[in-house]
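# A structural walkthrough
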Amino acid sequence: MTHREHKSVVIVGGGQAGLSVSYYLCQEGLDHIILERHKKFHSWRVNRWDTFCLVTPNWQCCLPDFPYQGNDPHGFMVKDQITDYLDAFAASFTPPIVEDCTVTQITKRHGGGYLVDSTQGNYSADQVVIATGGYDNPIVPAYADLLDPTIQQVHSVDYRRPEQMPEGATLVVGTGQSGVQLMEDMHLTGRKVHLAVGPAPRAPRKYRGKDSTDWLYEMGHYSVTIDSHPNPQHAITKTNHYMSGRDGGHEIDLRKFARDGVSLYGSVSGMQGKTIQCQPDLETNLDDADDSYIGIREAIDAHIAANNIDAPTEPAFEKLWRPAQEITEIDCEKEGITSILWAIGFRPDYSWIDVDVFDARGRPVYQRGVCQEDGFYFIGLGWLNTWGSGRFLGINEDSRYLVDHIKTKAKSALLVAS
């Protein structure tokens, strides 16, 4: 018979979400353990490029009883500063974490609770919290296998610096927050960069005297819950607005980069040999991104007017560049493209969870992180409750809510047992 150590709660994942739950469990005196397959905060420490920095201002870093304590609340921490902040949070209490420990299976236990198998021992638990995030498997389309093997392919998770890429031009595929920042990272070194533009929206950085995220927070956008959102499915599936925190923060206008030498194309749709096919949707994607940008500005304008706020004015928005034509086929040899940098996201991997908490498409089903399977929870995912749920901004509130739920269930179990 397999020996199992029993814990009231097992947390899978040692990032900011898992440790935030642990913080409140420690306060409540509930025995638990964190199982982390790498080292704590691995994604921040290892899976980021050299010039990585936050896109949201430092003041939004507000882990449990551990707000940002630096002297630049409206700045944007770079990679080492982020990990220093996280390490200081972990040092503020004693999280019971087992590192280099991969959970291989979670199943229901006969009579209630769960069985958790791992590479460093097996556990039984009354309750389980999944805090592994959604960035397990880098997305690369199947047609990438048809590209000539002399053209090097790198995913954003493995990119560190421009010098890592082979000599020649690079095609960056994807214009979410990572894609546009990696494009800029290489462009600033003088490299020739091509960019396949997807449908991601963009946002102003600073507008009418304040960062746009400050305005949106003041306007209540970040307190809107998924249950009260007018279009929850759109909110959950929409790509994040792109902008940058680099060098004090700035917005990213792809039209300006095109004017400055970056070659833009529509969405990539296929590859064969040294030829890449693109959709004729470049101008549509640029216009849609600008519509999002303008919409945020107009919402801020309306807020300023409605509340008689004294704020500086801004010049009207102007489109700096338009494509002369839609290029639907890229000849890599002709363009000197020797590498592809994929920045089209990730998929979570829950194959090790053998518990009925997923829908037909394999996505976890919960209400504010609480699953219908008794004592099973998720945390750290986008729109778990609000926009900030997958970010530093919402972790405190979400972890407190889950621990209150966990504590109530644990007390009920004690009453039944007595």
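Every chain is numbered on its own, with residues counted from 1 as its sequence reads. Local features in this predicted model are restricted to residues whose pLDDT is 70 or higher, and side-chain atom pairs enter the listing and the counts only when it is 80 or higher, whereas totals over whole chains, interfaces and linings include all residues. Side-chain metrics in this entry use all non-hydrogen atoms of the structure; hydrogen atoms and water are not considered.

Our focus in this paragraph is the overall build of the chain. Each helix is a run of H or I in the DSSP string that is no shorter than four residues. Each strand is a run of E no shorter than two, and both are numbered from the N terminus. Of the regular secondary structure elements, the chain holds ten helices and 22 strands. The size measure is the radius of gyration over C-alpha atoms, and the globule rule it meets is 2.2 Å times the number of residues to the 0.38 power. Over its C-alpha atoms the chain spans a radius of gyration of 23 Å, differing by no more than 12% from the 22 Å that the globule rule assigns to 418 residues. If one aligns the C-alpha atoms of the chain with their principal axes, the spans along those axes are about 75 × 60 × 40 Å. Here the term buried applies to any residue with accessible area under 20% of the maximum for its type, exposed to any over 50%, and partly exposed to those in between, with areas from a 1.4 Å probe on protein chains only. The 418 residues of the chain split such that 50% are buried. Within the chain, contacts between residues at least 6 apart in sequence are counted, and of these 70% link residues at least 24 apart. Pairs of residues are marked as contacts when any of their non-hydrogen atoms sit within 4.5 Å.

Another aspect to go through is the packing of aromatic side chains. Aromatic rings from Phe, Tyr and Trp, taking only the six-membered ring of Trp, are treated as a pair when their centres fall within 6.5 Å; an angle between ring planes under 30 degrees marks them as stacked, one over 60 as edge-to-face, and anything in between as tilted. In the structure shown here, the tally under the stated rule is 21 aromatic pairs. On the numbers, 5.1 Å between centres and 80 degrees between planes, the contact of Trp 49 with Phe 52 is edge-to-face. By relative accessible area, Trp 49 is classed as buried at 5%. Overall, the relative accessible area of 11% leaves Phe 52 in the buried class. Seen from their ring centres, Tyr 217 and Tyr 222 are 6.3 Å apart, and the 55 degrees between their planes marks the pair as tilted. Looking at Tyr 222, the relative accessible area reads 11%, which means it is buried. An aromatic cluster is built from Tyr 23, Tyr 24, Trp 44, Trp 49, Phe 52, Phe 66, Tyr 85, Phe 89, Phe 93 and Phe 392, whose rings are joined through pairwise contacts.

Here the focus is the side chain of His 194. Residue position: His 194 is located in strand E12 (residues 193-196). Between N or O atoms, a polar contact is any pair within 3.5 Å; within protein, one atom must be a potential hydrogen donor and the other a potential acceptor, and residues adjacent in sequence are included only when both atoms are from side chains. Here Tyr 265 takes part through its side chain, which lies 2.7 Å from a polar atom of the side chain of His 194. Every residue in contact with His 194, bar those within four places of it in the chain, is listed here: Ala 169, Thr 170, Leu 171, Val 172, Ser 263, Tyr 265, Glu 335 and Ile 337.

A few words on the pairing of strand E17 (residues 275-278). Burial of the side chains of E17 is restricted to one face: Ile 276 and Cys 278 are buried, whereas none of Thr 275 and Gln 277 on the reverse face is. DSSP bridges decide pairing: two strands pair if at least two such bridges lie between them. By the bridge criterion, four bridges tie strand E16 (residues 268-272) to E17 in an arrangement that is antiparallel. Residue Gly 270 lies in a different strand from E17, and its bridge partner there is Gln 277. Connecting E16 to the antiparallel partner E17 that follows it, the hairpin turn spans two residues, and Gly 273 within it adopts a positive phi of roughly 65 degrees. Looking at chain direction, E17 and strand E18 (residues 329-331) are connected through three bridges and run antiparallel. When the sheet's bridge partners are listed, Ile 276 is paired in E18 with Ile 330.

The next point concerns the sheet that holds strand E15 (residues 263-265). Reading across the sheet, the five strands line up as E10-E19-E11-E12-E15 and stay open at both edges, with parallel pairing between neighbours. Where the open sheet ends on each side, the last strands, each with one partner, are strand E10 (152-155) and E15. Going from strand to strand, the sheet's axes swing by 20 degrees on average, the running direction of each strand aside. One ladder, built from three bridges, connects E12 with E15; its direction is parallel. Within E15, the residue paired with Leu 195 across the bridge is Leu 264. Note on method: axes are straight lines fitted to C-alpha atoms, helices fitted across the in-contact stretch only, with angles between N-to-C directions ranging 0 to 180 degrees.

It is at 11 Å that the axes of helix H1 (residues 16-28) and helix H3 (residues 79-91) come closest, and there the two elements cross at 25 degrees. Overall, the two elements H1 and H3 adopt an arrangement that is roughly parallel. In terms of crossing hand, the pair formed by H1 and H3 is left-handed. Residues Gln 16, Leu 19, Ser 20 and Tyr 23 of H1 form the contact with H3, whose own contacting residues are Leu 86, Phe 89 and Ala 90. Each residue gets one label: Ala, Val, Leu, Ile, Met, Phe, Trp, Tyr, Cys and Pro are nonpolar, Asp, Glu, Lys and Arg are charged, and the others, such as Gly, are polar. Broken down by class, the residue content of the contact of H1 with H3 amounts to five nonpolar, two polar and no charged. For this classification, under 35 degrees means roughly parallel, over 145 means roughly antiparallel, 65 to 115 means roughly perpendicular, and everything else is oblique. Note on convention: near helix rotated counterclockwise from far helix by under a right angle means a left-handed crossing. Clockwise means right-handed.

Turning next to the environment of Phe 89. Along the chain, Phe 89 falls in helix H3. Residue classification places Phe 89 among the buried positions, given a relative accessible area of 0%. Discounting chain neighbours no more than four positions away, the residues touching Phe 89 are Leu 19, Ser 20, Tyr 23, Leu 63, Pro 64 and Phe 66.

This next bit is on a negative patch on the surface. A patch consists of residues exposed above 30% relative accessible area that lack any salt bridge, with like charges linked at up to 9 Å and nonpolar side chains (Val, Leu, Ile, Met, Phe, Trp, Tyr) linked at up to 5 Å. Residue burial considers only the protein chains on display, and all accessible areas are found by Shrake-Rupley using a 1.4 Å probe. Just to be clear on terms, a salt bridge is a Lys or Arg side-chain nitrogen sitting within 4 Å of an Asp or Glu carboxyl oxygen. Positive: Lys, Arg. Negative: Asp, Glu. His and the chain ends are not part of the count. Charged groups are reduced to one reference atom each: NZ for lysine, CZ for arginine, CG for aspartic acid, CD for glutamic acid. On the surface, Glu 329, Asp 331, Glu 333 and Glu 335 cluster together into a patch of negative charge. Broken down by secondary-structure element, the contributors of at least two residues to the negative patch are E18 and helix H9 (332-335). Here Asp 331 lies in strand E18.

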